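These are the residues of each chain, in order.
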Amino acid sequence: MGARAKRKTSSPYGAQGWTSKFDYRMRYPMIITPSRIDNYPSPQIQGTLSDDCHSKLISIAKAMHAANEQYLRVVEEYMRWRNRSSSWYSSSPNQKSWRFDSGDLSNIKHVVQDALPVDRSAVPQLLQGLGDYSYIDIWKRSAENMAYLRNHPKHLTSKHQGNGKKRAIELKNCRVTAETCFRLVETELRFLGHGDVCEGIFLKIDMLRKYEDAYPIPSEKEPPFRFQVQTPILIFVTLVYIFASLIPMGIAFSRSPSEAGTTEDADFYLLIQNTMIQVLGLVTAVGTVYRRSHENAIAWICALSLTAIGIICAVVSVPLYLCKPTFWSAFTSFSASATQAGVTLEIALMTENPKAKQP
């Protein structure tokens, strides 16, 4: 090892005797010579893979091929968007730096079109393909592109979200398959001197994990059940109740006395009590509307207007009881209750359809 490897870290998959060196040019770990030469053959000595190791490597190759197919779709979708947008950006003074170009599309398409070497006679081609990570930068930019699109307004549709979730699940399955098989064959590969193959497989597994971090799969848990009433039904029921309450009000008008009330009446003090509760309810309701809809001027104006009318009606009903026939005092008190129902309906509508905050 010498003085070059001052800091030792264990291999990502636990192959004993190996250390890791960090190449800052590539920004990826590079496997170097083991410290115990006597237990491992020289990297130049290439042995024969066991059947189990060969089958596991084929599974890894198939997983990487499936991952490349998904990344090819990402690049193709981006290129289609680029072709649609190129005319706009060509006339723009600030030329946009594209995330992918035709060379990236050609490279990833060429990798996908290559046949998988599954025969025993094609082991060198299999190992060469697994150790090749020349297209890893395309995977990295694909993850960055999906991380950008995940919260983009045009991507928040059921079609795009469904495609993105399906792709994320496919890539996660590829990563799990490759990682599981690699743990079982890493020791044998290193023993036979295929450290470059291990490096290539590890880099691709690590990049698949970065895609999962950039585009996490939404949770499959169903949201808890909540009883919800549709907005039109809520408005309809509120209006029906208000107009239905006018029926007993009309009956009371036909049977009410024509003289004004006095301070000796018990109904006078019950009216004061009702007024106090109405004013409290209106003030509390409008305060809730203000906290929830300060970004919506129309909701605030409607709630404030209804509250003002309700408070005026509630307060006026008390002296009106002593000046006019008691029916008119009851009618103004009823109007205050109707406006309070309107403010409550305003709160319900804002809860049903909250205004989305802009970043």
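Described in the following lines is the structure provided in the data block. (Residues numbered from 1 in each chain as written. Predicted model: local features only at pLDDT ≥ 70, side-chain atom pairs only at ≥ 80, totals over all residues. Heavy atoms only, no water.)

## So, the nonpolar core
In terms of nonpolar packing, the biggest core is built from 49 residues, with Leu57, Ile60, Trp139, Phe182 and Leu189 touching the most fellow members. Contributions of two or more residues to this core are made by helix H1 (51–90), helix H2 (102–113), helix H3 (123–131), helix H4 (136–149), helix H5 (158–191) and helix H6 (195–214). With 14 residues, the single largest contributor to this core is H1. (Core = buried A, V, L, I, M, F, W, Y, C linked by side-chain atoms within 4.5 Å. Buried < 20%, exposed > 50% of the residue type's maximum accessible area, 1.4 Å probe, protein only. Helix = DSSP H or I, 4+ residues; strand = E, 2+ residues; numbered from the N terminus.)

## Observations regarding H3
Those residues of H3 not exposed but buried are Val123, Leu126, Leu127, Leu130 and Gly131. End-on view of H3: buried residues confined to an arc of 125°, all on one side of the axis. Summarising the geometry of H3, the exposed residues directed more than 90 degrees from the buried face are Pro124 and Gln128. (Arc of directions from axis to C-beta.)

## So, the packing of helix H7 (residues 231–244) against helix H8 (residues 246–255)
Running from N to C, H7 and H8 point in directions that differ by 10°, and their axes come no closer than 5 Å. The angle between H7 and H8 places the two elements in the roughly parallel class. Between H7 and H8, the residues in contact are Ile242, Phe243 and Ala244 and Leu246, Ile247 and Pro248, respectively. In the contact of H7 with H8, the residues fall into six nonpolar, no polar and no charged. (Axes fitted to C-alpha atoms, helices over the stretch in contact; angles between N-to-C directions. Parallel < 35°, antiparallel > 145°, perpendicular 65-115°, else oblique. Contact = heavy atoms within 4.5 Å. Nonpolar A, V, L, I, M, F, W, Y, C, P; charged D, E, K, R; others polar.)

## A closer look at the packing of aromatic side chains
Scanning the entire structure with this criterion turns up twelve aromatic pairs. Centroid distance Phe268 to Tyr269: 5.3 Å. Interplanar angle 80°. Geometry classified as edge-to-face. The class for Phe268 is buried, based on a relative accessible area of 8%. One aromatic cluster is present, built from ring pairs that chain together Phe253, Phe327, Trp328, Phe331 and Phe334. (Phe/Tyr/Trp six-rings, centres within 6.5 Å; stacked < 30°, edge-to-face > 60°.)

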